[in-house]
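As a plain string of letters, each chain reads:
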Amino acid sequence: MSQIPWWGLPLVAVVFALAGAAAAHLVVARNNHLLDRGRRDRRWYEERKDAYCRLLAAFEHATHRLRTSFDAGEKPPAPIVYVDQVGPALMPVRLLASGPVRSAALAVHMQLERLHGEMNPAGVVGVQPQTHFRELLAQVPLVVQQLEAAIRDELGIVDTPPKPPVPVNGRARPRRAPVSAGEPEHHTEEHQD
């Protein structure tokens, strides 16, 4: 027989039950934390991707409008029109972005804001305002490219194409055709002779 007195058995059972319940509670809490972190990571990525896409589209629209007005010989739109257009897309990026993305976005913004303002011929000695404007406008895609590189780096976007499938037993692995919403899934096999 056991060395535990009869009145101690219920106490031992209670201790083991509490320890088991505490372990189960810790496991559930850990799993919930990991699930929440996964949801936060997806939300973090989606928030930034949406904000960056909206800002890049606003910058592209402003650049196109500047280029078409310059080609038509018209004055560029007023700076307040530019700020009204780009401001709502720029604010979320200023709040959400990391340092390199925020700096690159503000560099593009400053360049475009300068182009929407009055071109001061005294600002660049010996250069006509039209030439200065054209040179500044030509620099915008370069500054936007730096912003895109910072965004790719922050979001972990890799711009290398996927590797081709490796042949197994003389046959290529079946490729899955891309599936868009509402289309049935197609499977194709490639054969090597």
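Residues numbered from 1 in each chain as written. Predicted model: local features only at pLDDT ≥ 70, side-chain atom pairs only at ≥ 80, totals over all residues. Heavy atoms only, no water.

Draft legend 1. Spotlight on the confidence of the model for the protein chain. Across the protein chain, the average pLDDT comes to 79, with 78% of residues at 70 or higher. The secondary structure element of the protein chain with the lowest average pLDDT is strand S2 (residues 187-188), at 48, and the one with the highest is helix H3 (residues 99-116), at 91. In the predicted structure, residues 180-193 sits below a pLDDT of 50 and forms 15 contacts with residues beyond four places in sequence or in another chain. (pLDDT = per-residue confidence, 0-100. Helix = DSSP H or I, 4+ residues; strand = E, 2+ residues; numbered from the N terminus. Contact = heavy atoms within 4.5 Å.)

Draft legend 2. Structural context of a nonpolar patch on the surface. Judged by side-chain polarity, Ile4, Leu9, Val12 and Phe16 come together as a nonpolar surface patch covering roughly 380 Å² of accessible area. On the secondary structure map, Val12 appears in helix H1 (residues 9-71). (Patch = residues over 30% accessible without salt bridge, like charges linked within 9 Å, V, L, I, M, F, W, Y side chains within 5 Å. Areas by Shrake-Rupley, 256 points an atom, 1.4 Å probe, with all protein chains shown as cover. Salt bridge = Lys/Arg side-chain N within 4 Å of Asp/Glu carboxyl O.)

Draft legend 3. Highlighting the side chain of Ser69. Its location among the elements puts Ser69 in helix H1. Here Leu66 takes part through its backbone oxygen, which lies 3.0 Å from a polar atom of the side chain of Ser69. When sequence neighbours within four positions are dropped, the list of residues in contact with Ser69 reads Glu74, Lys75, Pro76 and Pro77. (Polar contact = N/O pair within 3.5 Å; in protein donor to acceptor, adjacent residues only side chain to side chain.)

Draft legend 4. Layout of H3. In a regular helix each residue adds 1.5 Å, so 18 residues correspond to 26 Å; H3 covers 26 Å between its end C-alpha atoms and thus fits that length. Every buried residue of H3 is listed here: Val101, Ala104, Ala105, Val108, His109, Gln111, Leu112, Leu115 and His116. Take H3 and look down its axis: the buried residues cluster within an arc of 160°, on one side only. (Expected span 1.5 Å × (residues − 1). Buried < 20%, exposed > 50% of the residue type's maximum accessible area, 1.4 Å probe, protein only. Arc of directions from axis to C-beta.)

Draft legend 5. Focus on the side chain of Thr63. Here Thr63 lies in helix H1. In this view, Thr63 contacts Leu112, Leu137 and Val140; residues no more than four positions away in its chain are not counted.

Draft legend 6. Representation of the packing of helix H2 (residues 79-96) against H3 within the structure. Axis separation between H2 and H3 bottoms out at 11 Å; the angle between their running directions is 180°. The orientation of H2 relative to H3 falls into the category roughly antiparallel. Contacts between H2 and H3 involve Pro79, Tyr82, Val83, Val86, Leu90, Val93 and Arg94 on the former and, on the latter, Val101, Arg102, Ala105, Leu106, His109, Leu112, Glu113 and His116. Residues of the contact of H2 with H3, tallied by class, amount to 10 nonpolar, 2 polar and 3 charged. (Axes fitted to C-alpha atoms, helices over the stretch in contact; angles between N-to-C directions. Parallel < 35°, antiparallel > 145°, perpendicular 65-115°, else oblique. Nonpolar A, V, L, I, M, F, W, Y, C, P; charged D, E, K, R; others polar.)

Draft legend 7. Local environment of the environment of Glu60. Looking at where Glu60 falls in the secondary structure, it is placed in helix H1. For Glu60 and Pro141, which are 81 residues apart along the polypeptide, the C-alpha to C-alpha distance reads 9.0 Å.

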